[in-house]
Amino acid sequence: MSLKPSVANPPPDLKHPVPTPNGRARGAGHVIFDANDDASSGSNNNSNSVPGDDKHSSSLITVLIAVGANLIIAIAKTVAAFMTGSASMIAEAAHSWADTGNGTLLIVAEKKAVKPADKSHPLGYGKESYVWSMIAAFGVFMAGSIVSIYTGITEWNAAESETNYTIGFIVLAVAFVLEGASLLQAYRQSKKHGKALNISAIDYVVDTSNATLRGVFFEDLAAVVGLVIAAAAMGMHAYTGQPFWDALGSIIVGLLLGVVAIFLISRNRDFLVGYKVTDKIHHYILAELLDHPDIDSVSYLHLEWVGPTKIFMVAAVDIVGNQPENSIAHKFEDIENQFRANPLFQEAILTLSIPNAETLSLEDQ
């Protein structure tokens with residue numbers, strides 16, 4: 001099976017399958033790496049570069065950029081918060097320290113998700129990414145949102161004091177540049193993959209199975225928006241002399257972080273409990289099954305994300321012609337291995353359709 005494009009604009013992961021010279025037993029799970037394999041790549045055992053490798057490496061670069069930027073910003077904001085006493089700056093410092101810790105957790109997620117399958121985890125460790133990303137999202141809520149809101153409430157009726165906000169505005173401006181650069185990196189990665197699927201960068205990052213990319217993107221987006229809010233709050237405080245503006249800015253930043261955290265927790269929960277692929281990918285894979293010369297029809301197709309860019313496929317098909325059971329079993333294994341050779345698939349299982357089963361068609365998708 002060539003997995004050649006049979007519909008317009010196929011998903012990029014399916015364009016260049018890797019041939020499989022050696023078949024695997026049915027239900028064996030993802031191939032196990034030996035000492036000479038690059039186990040961190042998360043791909044099948046081959047010497048070729050595959051799209052999955054590029055995605056994991058680009059995601060890791062995105063996270064590393066974000067962590068480095070957040071660490072520098074957190075230190076600068078802490079110094080500025082100490083010098084100005086601004087509630088908004090204290091909230092921003094807490095935000096950046098939380099993002100730094102969360103970025104570290106996302107690196108852990110990226111590394112653990114690419115561990116090869118073994119006997120105890122036949123579908124691999126891809127969902128580790130969602131576990132660690134969810135822990136990171138809880139971190140945003142606990143360390144960022146609660147601290148920011150609490151600081152704003154306690155500083156609401158604070159007495160006015162003479163403060164030079166110049167250092168604060170300088171730090172916010174530098175942080176905006178660094179956070180903006182990190183957000184731009186995440187946006188470019190999202191736009192690149194979204195363009196191949198004919199969807200926007202935002203749509204891609206919301207629906208992507210890549211939890212680390214989604215986490216970095218929305219944390220950076222919240223950071224950029226939060227910086228604007230903090231600058232406006234500090235500016236109103238300096239202009240009016242009323243400290244409640246600063247406190248209000250801290251509370252708004254906290255609420256913003258809470259919304260982002262709840263969204264990220266919800267998306268990671270979706271993927272942990274089992275999340276279907278997009279209609280476009282479902283349509284494409286069904287087209288490839290129907291296009292296979294040995295498959296007459298498909299009556300059932302289950303496609304579920306089991307990790308970043310890793311799909312578990314179960315399909316009920318009818319084989320062309322009347323063939324003996326032994327021949328059908330070999331046909332199934334050949335077709336399964338052809339799908340497993342593509343780095344997008346963690347596992348592919350075929351079963352025989354029941355007699356007179358209602359079949360699936362591309363027109364109905």
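Residues numbered from 1 in each chain as written. Predicted model: local features only at pLDDT ≥ 70, side-chain atom pairs only at ≥ 80, totals over all residues. Heavy atoms only, no water.

Colleague: Help me out: how do you make sense of the side chain of Glu-304 in this one?
Modeller: Position of Glu-304 among the secondary structure elements: in strand 2 (residues 295-307). Of the residues examined, Glu-304 reaches a relative accessible area of 17% and is grouped as buried. One polar contact links Glu-304 to His-302, side chain to side chain, over a distance of 3.0 Å. Look past the residues within four positions of Glu-304 in its chain and what remains in contact with it is Lys-127, Gly-274, Tyr-275, Val-277, Lys-310, Ile-311 and Phe-312. (Helix = DSSP H or I, 4+ residues; strand = E, 2+ residues; numbered from the N terminus. Buried < 20%, exposed > 50% of the residue type's maximum accessible area, 1.4 Å probe, protein only. Polar contact = N/O pair within 3.5 Å; in protein donor to acceptor, adjacent residues only side chain to side chain. Contact = heavy atoms within 4.5 Å.)

Colleague: Just to check I follow, could you spell out the nonpolar core for this structure?
Modeller: The nonpolar side chains of a soluble globular protein tend to be buried, and buried together. With 28 residues, the main nonpolar core has Val-63, Val-216, Phe-217 and Phe-218 as its most contacted residues. Considering each element in turn, this core owes the most residues, 7 residues, to helix 6 (residues 211-240). Residue contacts for Val-216: discarding those within four places in its chain leaves Thr-62, Val-63, Ala-66, Leu-106, Ser-182 and Ala-186. In this structure, Val-277, Leu-286, Val-298 and Phe-345 belong to the second largest nonpolar core, which totals 26 residues. (Core = buried A, V, L, I, M, F, W, Y, C linked by side-chain atoms within 4.5 Å.)

Colleague: How do you make sense of the packing of aromatic side chains when you look at a structure like this?
Modeller: Within this structure, the stated rule accounts for 7 aromatic pairs. An angle of 45 degrees between the planes, with centres 4.7 Å apart, marks the rings of Phe-271 and Tyr-275 as tilted. What makes Tyr-275 partly exposed here is its relative accessible area of 24%. Site record: aromatic cluster; members linked through ring pairs are Tyr-130, Phe-271 and Tyr-275. Positioned above the aromatic ring of Tyr-125 is the side chain of Lys-115, whose terminal nitrogen or guanidinium carbon lies 4.2 Å from the ring centre. Above the plane of the ring of Tyr-275 lies Arg-267, whose end atom (NZ or CZ) is 4.7 Å from the centre. (Phe/Tyr/Trp six-rings, centres within 6.5 Å; stacked < 30°, edge-to-face > 60°. Lys NZ or Arg CZ within 6 Å of the ring centre and 35° of its normal.)

Colleague: How should I be thinking about helix 6 in this particular structure?
Modeller: Side chains of residues three or four places apart in an α-helix project in the same direction, reflecting 3.6 residues per turn. Its 30 residues give helix 6 an end-to-end C-alpha distance of 43 Å, which sits within 8% of 44 Å, the value for a rise of 1.5 Å per residue. Gly-241 sits one or two residues past helix 6 and shows a positive phi near 75 degrees. (Expected span 1.5 Å × (residues − 1).)

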